Amino acid sequence: MDRLSQISFVAIILVVFIHGYNVSVVIAGQPVGELYAMDWWIQSFIGDGLSRVGVPLFFTISGYRYSYGIDKFTPGIWWQKLKKRFKSLVIPFFTWSILGLLFVVALQLFPMSKPYFNSEPILSRTPLELLQLIFVNPFPYQLWFLQVLWLLVLISPVFLLFVKFVDFRFGIILLVILWVFEGGYNGWSEYFFEGATFFTFGIMLQKQPTYFRPGNLSCWMAVLWIFMIVLKLWLISNGEVFWADICSKASVVVGMLVVWQYASPLISKLRISKLVIAQTFFIYLAHEPLLTLVKKGLLVNSSPLNEYLALVYFISVGVTILIVLFWGRFLNRFLPNVYSFLIGGR
């Protein structure tokens, strides 16, 4: 199992922890948690701190793999890349977008599911709204990554030309400036700028392989990462949004270095099976809206747990990952063609 696959597996586990955050979950019109309480600190440290390296790592690895083996970029190569990525990105996007929509429709047929949803029933939506739920804002909201990545592939010649004609070190500075000062953008625009930054960074690393080799990173770098996350949360709790954003992005850079250095040794030490790591993309595709259902189910049906939101956080993430791994293994073993289609032939 190559190092990139191991890092991708760690990254997807971190992404699931991002989505497991439950302090702001609304039950019966009221959020179950309280900002800046202990549950907030615990979940924010993991989900909005340690885990924030997950998405940048995915974009970086995507850029690296996209440009791997390209010595001279031509329109023909670009077209081949588009066809391959259409199968591995676009088809899974629409497949899981539709599956997610049908999953929610099925749940809403049962009156007992009402506490799980804060929006109007799907079947009462207009045809235009339904199309928007499939093409633009799918219920498996993690699919935004595939939307952005497909756009990056479409305009990838721009990034390849940038890497070809711009000095590596100067290019890194430009990318950092682009990423740090895109704070005026929100939503999809912010996703795009983050994706473009790290996708390009991945291409640069592939063209400069000496920079991609893991070095002997001091454990003090991990300590610095933890300190920066705590500082970021302290700044947020004191209303210093601008400096918290700067600190957050600095911590992501440090965290990426730490994960790149220690992900592989950690997986080896935990003896995580190659079969499990091979399900990284399936975990990404299938963990939502299942995770939301699990965490809301725990909060709605187990009122004593409402006093222990951090416990619900860990249980919901763990249960979701185990369920997804079970179904991924089941499909891969007994319905391999279906499994292959669901993950875009990867």
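Up top is the structure these notes are about.
Residues numbered from 1 in each chain as written. Predicted model: local features only at pLDDT ≥ 70, side-chain atom pairs only at ≥ 80, totals over all residues. Heavy atoms only, no water.

Okay, the side chain of His287 next. Along the chain, His287 turns up in the loop between helix 13 (280-286) and helix 14 (290-301). Residue classification places His287 among the buried residues on the basis of a relative accessible area of 1%. From its side chain, His287 meets the backbone oxygen of Ile283 in a polar contact 3.0 Å long. Beyond its immediate stretch of four places on either side in the chain, His287 contacts Val15, Val16, His19, Gln142, Thr320 and Val324. (Helix = DSSP H or I, 4+ residues; strand = E, 2+ residues; numbered from the N terminus. Buried < 20%, exposed > 50% of the residue type's maximum accessible area, 1.4 Å probe, protein only. Polar contact = N/O pair within 3.5 Å; in protein donor to acceptor, adjacent residues only side chain to side chain. Contact = heavy atoms within 4.5 Å.)

Right, let's get into the pattern of salt bridges. Scanning the entire structure with this criterion turns up 4 salt bridges. As a salt-bridge pair, Asp2 and Arg65 come within 3.3 Å of each other at their nearest N and O atoms. Within this pair, whereas Asp2 is found in the segment before helix 1 (3-19), its partner Arg65 is found in helix 3 (residues 54-67), the two being separated by 63 residues in sequence. For Asp48, the salt bridge is made with Lys232, and the minimal N-O distance between the two is 3.3 Å. With a gap of 184 residues between them, Asp48 in the loop between helix 2 (38-47) and helix 3 and Lys232 in helix 10 (residues 219-237) connect regions that are remote in the sequence. The class for Asp48 is partly exposed, based on a relative accessible area of 22%. In the salt-bridge network here, residues are joined through shared partners; they are Asp48, Arg52 and Lys232. (Salt bridge = Lys/Arg side-chain N within 4 Å of Asp/Glu carboxyl O.)

Packing of helix 1 against helix 3 leaves a shortest axis separation of 8 Å and a crossing angle of 150 degrees. Between helix 1 and helix 3, the interaxial angle falls into the category roughly antiparallel. Seen from above, helix 1 lies across helix 3 with left-handed handedness. Across the interface between the two elements, Leu4, Ser5, Ile7, Ser8, Ala11, Ile12 and Val15 from helix 1 touch Gly54, Val55, Leu57, Phe58, Ile61, Tyr64 and Arg65 from helix 3. Each residue belonging to the contact of helix 1 with helix 3 can be placed in one class, and the counts come to 10 nonpolar, 3 polar and 1 charged. (Axes fitted to C-alpha atoms, helices over the stretch in contact; angles between N-to-C directions. Parallel < 35°, antiparallel > 145°, perpendicular 65-115°, else oblique. Left-handed = near helix turned anticlockwise from the far one by under 90°. Nonpolar A, V, L, I, M, F, W, Y, C, P; charged D, E, K, R; others polar.)

So, about the state of the cysteines. A complete count under the given rule lists 0 disulfides for this structure. Cysteine Cys219 is unpaired, with the sulfur of Cys247 as its nearest cysteine sulfur at 20 Å. (Disulfide = S-S within 2.5 Å.)

What follows deals with the packing of aromatic side chains. Under the counting rule described, the total for this entry stands at 26 aromatic pairs. Both rings, one in Phe326 and one in Trp327, keep their centres 5.4 Å apart while their planes meet at 80 degrees; by these two values the pair is edge-to-face. Judged by relative accessible area, Trp327 falls into the partly exposed class, the value being 44%. Following the ring pairs from residue to residue traces out a cluster consisting of Phe58, Phe59, Trp144, Phe145, Tyr191, Phe281 and Tyr284. Positioned above the aromatic ring of Tyr66, the side-chain terminus of Lys81 is 5.2 Å from the ring centre. Its end group placed over the ring of Phe281, Arg346 keeps NZ or CZ at 3.7 Å from the ring centre. (Phe/Tyr/Trp six-rings, centres within 6.5 Å; stacked < 30°, edge-to-face > 60°. Lys NZ or Arg CZ within 6 Å of the ring centre and 35° of its normal.)

Nothing here speaks to function; it is geometry throughout.
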